[in-house]
Amino acid sequence: MKLTSARTALPLLLAAFLSGNADARAQAAQDQATQSFTGETGVLLNKRPDPKRVAKEIEFTAPGKFRASGAAGNTAAVPEGATAGVAWQLPGYPADGYNLDTFLSPASTQKVITALVAASVLGNDYRYKTELWLDERRISGSTLEGDIIIRFSGAPDLTIDTYRQLLRSIKSRWGISRVQGSVVLDTSAFSGYERASGWIWDDLPICFTAPSSSIVLNHNCFNTVLADNGSGIAAVPEKAQLPGVRVESHALVLTSKEKDQENCLLEVIPSFDNKYVMYGCVAKNSANKAGEWPMSFAVLDPEKYGTEITASILESLGISSEAVYYSTHPSYEKTAFAGAVESLPVSALIRHMLLVSDNLYADILAKTAARFTKRGPTAYYNATSFIKSFLRKKVGIELTGMRLMDGNGLSSYTLITPRQMLKILTYIRDHDSELHIVNSLPRSAYTGTLRGRGSVVQGVLKGNVRAKTGTIANVSNLAGFVVDQNGELVPFVIYNNGLTYAKNNGSDGWRGRIMKQRNDFEKSILEDLYYGRRPSV
């Protein structure tokens, strides 16, 4: 069993937990799981274009530059102060770009790699199973003389309601109301840390950093609301008292003017026993006249969370046991498989991951793919080592210098070149009849994180870009495909690192200018690719 006694509390700033707060953290998380998943697909590509079909005749106009015949190319200006890396491959021509071999943070564009590995290794039809194990022969009346084991697999879409259905079968199917033994939660699917090296410490309680553990229930997140209890009085937490979770508030309710005068921030001190204590203050203004501040938190100890939820459900069902606990090495000797609930197929999990940029799904899929080949508990280092081996052997990528720390791109330690990512995208395009990844990517102006991306929602790019966004602090990336004017899929990578658009730099005008520069930069490059021109950077 995993030791938890060495875990210590961390102080954090929680301004980003407030719904609608457009501060730096909200920008850093804009394409993470905090965005709503609508399931809207827009118009899918009618058919996959032949990637080998050459779009149109291209002529060279200068050394290292070429343009579509009779057409002038755009000039794409790198956002001021940023480091950009760009790669593309026009039909019939080799890879080209700007800073092709510069190592940059991919952020969530790394999820494209995870999608490739998961679809290839697990297969699009694979489903996670959460299994119930008990020995029917040891049932006497309403008593089971032995243990029950719940084998968790890391199913990322397992909800508390679905889990309750599995536990309810203990009584509805076998009539068991007493377990003369223990209920054991098998957490052996994954090992090691549940968060990767290089994750930002003050992001850890936020829902988009939910731990990728063997036990996942309700995305390992929970929602709460701070309710106004009177001016100058601490707001009251509501709708958060799940089993295994405690929320306390000492945060005062102030007017916006009072909050600014006091320079008061909302702070939280979480502990790894899933207790969250809030201090500081919240502002009551026109945006929340009802006096409510919605928040989402990541569970910090998923094993404790899962154990207490299990005990609570069993109690509500009228099923008693001697103990409920988790273990990485339970004994199955006196049990047998008795039933299971299944996840959605991997194809649906990949689509969800790409559309809303779900970090938990990405890490679970990456670890599971590695576990399939390792045949044992998988840690982050096993998963990233396996992914690199897959890329080397299957895709034929030169990996010198590439550094992967997780499956979702959150780690600030991860580094990939535009050329490496372009080769991955080219492989996906050329094998998409088996992979089915391209149509799972967000579609410009219609689905996922491209629904409102300013660079691609108008003109010829509307509906003609299938790409993954990637946003962490000071990073804003885009990687995927342009459907050009001839129906060809043109792979591209646009990495912008070092963007200083945060609100706390002292000027909202500065942020707006940098975001416009990013949009103009992306739009210029992608419009050129749409028309078969070589972008000029």
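Residues numbered from 1 in each chain as written. Predicted model: local features only at pLDDT ≥ 70, side-chain atom pairs only at ≥ 80, totals over all residues. Heavy atoms only, no water.

Caption draft 1: Molecular detail of the overall build of the protein. Scanning the protein for helices and strands turns up eleven helices and 22 strands. Looking at the protein as a whole, 55% of its 537 residues qualify as buried. Of the contacts formed within the protein by residues at least 6 apart in sequence, a portion of 73% connects residues at least 24 apart. As displayed, the protein offers around 21700 Å² of accessible surface, 50% of which is attributable to carbon and sulfur atoms. (Helix = DSSP H or I, 4+ residues; strand = E, 2+ residues; numbered from the N terminus. Buried < 20%, exposed > 50% of the residue type's maximum accessible area, 1.4 Å probe, protein only. Contact = heavy atoms within 4.5 Å. Areas by Shrake-Rupley, 256 points an atom, 1.4 Å probe, with all protein chains shown as cover.)

Caption draft 2: Structural detail: the packing of helix 7 (residues 359–374) against helix 8 (residues 380–395). With their axes 8 Å apart at the nearest point, helix 7 and helix 8 run at an angle of 80 degrees to one another. Classified by the interaxial angle, the pair formed by helix 7 and helix 8 is roughly perpendicular. Across the interface between the two elements, Asp363, Ala366, Lys367, Ala369, Ala370, Thr373 and Lys374 of helix 7 pack against Tyr380, Asn382, Ala383, Phe386 and Ile387 of helix 8. Residue composition of the contact of helix 7 with helix 8, grouped by class: seven nonpolar, two polar and three charged. (Axes fitted to C-alpha atoms, helices over the stretch in contact; angles between N-to-C directions. Parallel < 35°, antiparallel > 145°, perpendicular 65-115°, else oblique. Nonpolar A, V, L, I, M, F, W, Y, C, P; charged D, E, K, R; others polar.)

Caption draft 3: Focus on the sheet that holds strand 11 (residues 221–227). Spatial ordering of the open sheet is given by 12-11-17, a layout of three strands whose pairing is antiparallel. Two strands close off the open sheet at either side, each with one partner strand: strand 12 (236–238) and strand 17 (292–298). On average, each strand axis in the sheet is tilted by 30 degrees relative to the strand beside it, whichever way the strands run. With seven bridges joining them, strand 11 and strand 17 adopt antiparallel strand pairing. Residue cysteine 221 lies in a different strand from strand 17, and its bridge partner there is alanine 298. (Pairing = 2+ DSSP bridges.)

Caption draft 4: Structural context of the packing of aromatic side chains. Tallied over the full model, the rule gives ten aromatic pairs. With centroids separated by 5.4 Å and ring planes inclined at 50 degrees, the aromatic side chains of phenylalanine 152 and tyrosine 163 adopt a geometry described as tilted. Linking phenylalanine 152 in the loop between strand 9 (148–151) and helix 3 (160–172) with tyrosine 163 in helix 3, this pair joins segments that are eleven residues apart in sequence. Of the residues examined, phenylalanine 152 reaches a relative accessible area of 3% and is grouped as buried. Their ring planes at 70 degrees and their centres at 6.4 Å tell us that tryptophan 199 and tyrosine 380 sit as a pair that is edge-to-face. (Phe/Tyr/Trp six-rings, centres within 6.5 Å; stacked < 30°, edge-to-face > 60°.)

Caption draft 5: Quick look at the side chain of asparagine 382. Tracing the backbone shows asparagine 382 in helix 8. Residue class for asparagine 382 comes out buried when judged on its relative accessible area of 17%. There is a polar contact of 2.9 Å between the side chain of asparagine 382 and the backbone nitrogen of alanine 379. (Polar contact = N/O pair within 3.5 Å; in protein donor to acceptor, adjacent residues only side chain to side chain.)

Caption draft 6: Structural context of the nonpolar core. Ranked by internal contacts, the top residues of the largest apolar core, which has 102 residues, are Leu116 and Leu391. Considering each element in turn, this core owes the most residues, eight residues, to helix 7. If we skip the residues at most four places from it in the chain, leucine 391 touches Ile113, Leu116, Gly396, Ile397, Leu399, Met402 and Ile424. Listed in part, the 20 residues of the second largest apolar core include Ala76, Ala84, Leu478 and Leu529. (Core = buried A, V, L, I, M, F, W, Y, C linked by side-chain atoms within 4.5 Å.)

Caption draft 7: Representation of the pairing of strand 11 in the model. With six of seven residues buried, strand 11 lies mostly within the body of the structure. Strand direction decides the pairing type here: strand 11 and strand 12, joined by three bridges, are antiparallel. What sits directly across from valine 225, in strand 12, is glutamate 238.

Caption draft 8: Local environment of the sheet that holds strand 20 (residues 465–472). If you walk across this open sheet you meet the five strands as 5-4-22-21-20, and the pairing is antiparallel. If you trace the sheet from one side to the other, it starts and ends with strand 5 (96–98) and strand 20, each paired once. Adjacent strand axes in the sheet meet at a mean angle of 10 degrees, parallel and antiparallel pairs treated alike. Sheet topology places strand 21 (residues 475–483) next to strand 22 (residues 489–497); seven bridges connect them, and they run antiparallel. Bridge pairing links valine 483 to leucine 489 in strand 22. Helix-sheet contacts for helix 9 (residues 418–430) involve strand 4 (83–88), strand 21 and strand 22, and the interaxial angle to strand 22 is about 150 degrees.

Caption draft 9: Looking closely at helix 8. Taking 1.5 Å of rise per residue, 16 residues should cover 22 Å, and helix 8 covers 21 Å from first to last C-alpha, within 8% of that figure. When we look at burial in helix 8, the residues that qualify are Tyr380, Asn382, Ala383, Thr384, Phe386, Ile387, Ser389, Phe390, Leu391 and Val395. Residues of helix 8 that are buried make contact with helix 2 (111–121), helix 7 and helix 9. Among the residues trailing helix 8, glycine 396 stands out with phi positive, at a value near 75 degrees. (Expected span 1.5 Å × (residues − 1).)

Caption draft 10: Region of interest: helix 5 (residues 302–316). Taking 1.5 Å as the rise per residue, helix 5 with 15 residues should run 21 Å; its terminal C-alpha atoms sit 21 Å apart, in good agreement. Against helix 3, strand 10 (178–186), strand 11 and strand 18 (320–327) lie the buried residues of helix 5.

Caption draft 11: Region of the structure containing the side chain of asparagine 274. Mapped onto the fold, asparagine 274 is located in the loop between strand 15 (266–271) and strand 16 (275–284). Given a relative accessible area of 0%, asparagine 274 falls into the buried group. One polar contact links the side chain of asparagine 274 to the main-chain amide nitrogen of aspartate 301, over a distance of 2.8 Å.

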